[in-house]
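# Secondary and tertiary structure notes
Listed below are the residues making up each chain.
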Amino acid sequence: MPETTLSSLQDLASVAAPVAQPGPVYVQKLDPHGRAYATGKRKDAVARVWIKPGSGKATVNGKPLETYFARPVLRMILQQPLGVAKRTDQYDLMISVAGGGLSGQAGAVRHGLAKALCNYEPELRPALKKEGFLTRDSRVVERKKYGKKKARRSFQFSKR
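### Thoughts on the pattern of salt bridges
- Inspection of every chain in the model, using the stated rule, returns six salt bridges.
- Notably, a salt bridge pairs aspartate 31 with arginine 35, separated by 3.0 Å at the nearest N-O pair.
- The class of aspartate 31 is partly exposed, set by a relative accessible area of 22%.
- Measuring nitrogen to oxygen at the nearest pair gives 2.7 Å for the salt bridge that ties glutamate 121 to arginine 87. Here glutamate 121 is found in the loop between helix H4 (102–120) and helix H5 (125–131), whereas its partner arginine 87 is found in the loop between helix H3 (72–85) and strand E5 (91–98), with 34 residues between them in sequence. Neither residue differs from the other here; glutamate 121 and arginine 87 are each classed as buried.
- What emerges from the salt-bridge pattern is a single network uniting Arg42, Asp137 and Arg139.

In structure tokens:
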């Protein structure tokens, strides 16, 4: 019977040890036109976002970004993923958005833009994920209940 020593066991352990697999590998996903596409959602709004290299021109439902999202706060929300990725004027954006109000639409566009950036440049994923732009905000309006004025608000109580 062969002798079992500590060094022979270490040799066996190093041979039998499985190779550690790195995390999932993300690859660039482009359509035939060289654009990256993603869908973003927020509340009742759904945004479809296409990005391609360009001068920073952005159109939303056929209108310029500044016309569609007139409030500066909404435009700031949209620019957040590009600012984190330091790609402010490097991509042309073509966006179609429907449903909800302007605030929900801006959030949907931000979500879709972050996902499209990840599809175009997979190495940006850790930075965008750290800021929370890839997570869909699942909060939606609570439904109205019967016997109530709104979702939780009761009718005014009167003693007599």
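### Description of the environment of arginine 143
- Mapped onto the elements, arginine 143 comes out in the segment after H5.
- Put simply, arginine 143 and cysteine 118 are 25 residues apart on the chain and 34 Å apart in space, counted from C-alpha to C-alpha.

Quick notes on the rules
- Residues numbered from 1 in each chain as written.
- Predicted model: local features only at pLDDT ≥ 70, side-chain atom pairs only at ≥ 80, totals over all residues.
- Heavy atoms only, no water.
- Salt bridge = Lys/Arg side-chain N within 4 Å of Asp/Glu carboxyl O.
- Buried < 20%, exposed > 50% of the residue type's maximum accessible area, 1.4 Å probe, protein only.
- Helix = DSSP H or I, 4+ residues; strand = E, 2+ residues; numbered from the N terminus.

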